[in-house]
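Analysis of the macromolecular model
Residue strings, one per chain:
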Amino acid sequence: MKSDSQLQQDVLAELKWEPSVGEKEIGVAVKDAVVTLTGFVDSYAQKYAAERVASSVSGVRAVAEDLEVRLAGESKRTDTELAHAAVNALKWDIQVPNDKIKATVEKGWIELRGEVEWQYQKWAAESAIRNLTGVKGVSNFIAVKPKKVSAYEVSTKIKDSLRRNAEVEADHIAVEAKDGTVVLRGTVRSFAEREEAEAAAWRAPGVRTVEDKLTVAL
């Protein structure tokens, strides 16, 4: 088990190593294996990358992100310009049913609403606009409304997926499914493995909600 001090050093080193984050002044505090990121970044894409990098470090149980996006002069856009860019980005992403999604922009913050059948479509919509110049943040309120699938089929497909995943110890994870809601219980080795298990659950047909009750072992 790593100490909080060691985790802090590992997260700082990984942030410095990640080229998409760069040499940004990001503060890292760790308490009981929970990482808090503070400071300023140049874009929402860097903010997102910093959070993902911190969560990937072995021993991290959770990440609290308190980073602020400060756009440089050449990166600033009006809300109207950003709205047009968002519409085009959603339109050109093949995984996004853009006719079912509406984007609104206020002070550089994009809000997504609508309905999709699959969770990956909700993620794809956010991914399509995350890296746009001028974005300061994204709120994804897209609802996932899948076709109805039996609870047995849902749980079976998720368990099979977990067993195929080299990053996940499937034997330590219990899967419960009912009325489109999946509950994951058990113990995983890292925060990253927990996210992999949750992503596997979302990929099953008929899943509307995933309740992640997995515990990261220390």
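We now turn to the structure provided with this report. (Residues numbered from 1 in each chain as written. Predicted model: local features only at pLDDT ≥ 70, side-chain atom pairs only at ≥ 80, totals over all residues. Heavy atoms only, no water.)

**Remarks on unusual backbone geometry**
Of note in the backbone geometry, Lys107 takes a positive phi value of approximately 55 degrees without being a glycine. By the element assignment, Lys107 lies in the loop between β4 (101-106) and β5 (109-116). A positive phi is found at Asp179, a non-glycine position, where the angle reads about 50 degrees. Looking at the element boundaries, Asp179 is found in the loop between β8 (173-178) and β9 (181-188). (Helix = DSSP H or I, 4+ residues; strand = E, 2+ residues; numbered from the N terminus.)

**What about the sheet that holds strand β1 (residues 26-31)?**
Ordered by their spatial adjacency, three strands build an open sheet running β1-β2-β3, and the pairing between neighbours is mixed. For this open sheet the edge positions go to β1 and β3 (62-69), each flanked by a neighbour on one side alone. The sheet shows a mean angle of 10 degrees between the axes of neighbouring strands, taken without regard to direction. Pairing geometry for β1 and strand β2 (residues 34-41), over six bridges, is antiparallel. Note on β2: the bridge partner recorded for Gly27 is Thr38. In the packing of helix α1 (residues 4-17) onto the sheet, contacts are made with β1 and β2, and the angle to β1 comes to roughly 155 degrees. Relative to the sheet, helix α2 (residues 44-56) contacts β1, β2 and β3, its axis offset from that of β3 by approximately 160 degrees. (Pairing = 2+ DSSP bridges. Axes fitted to C-alpha atoms, helices over the stretch in contact; angles between N-to-C directions. Contact = heavy atoms within 4.5 Å.)

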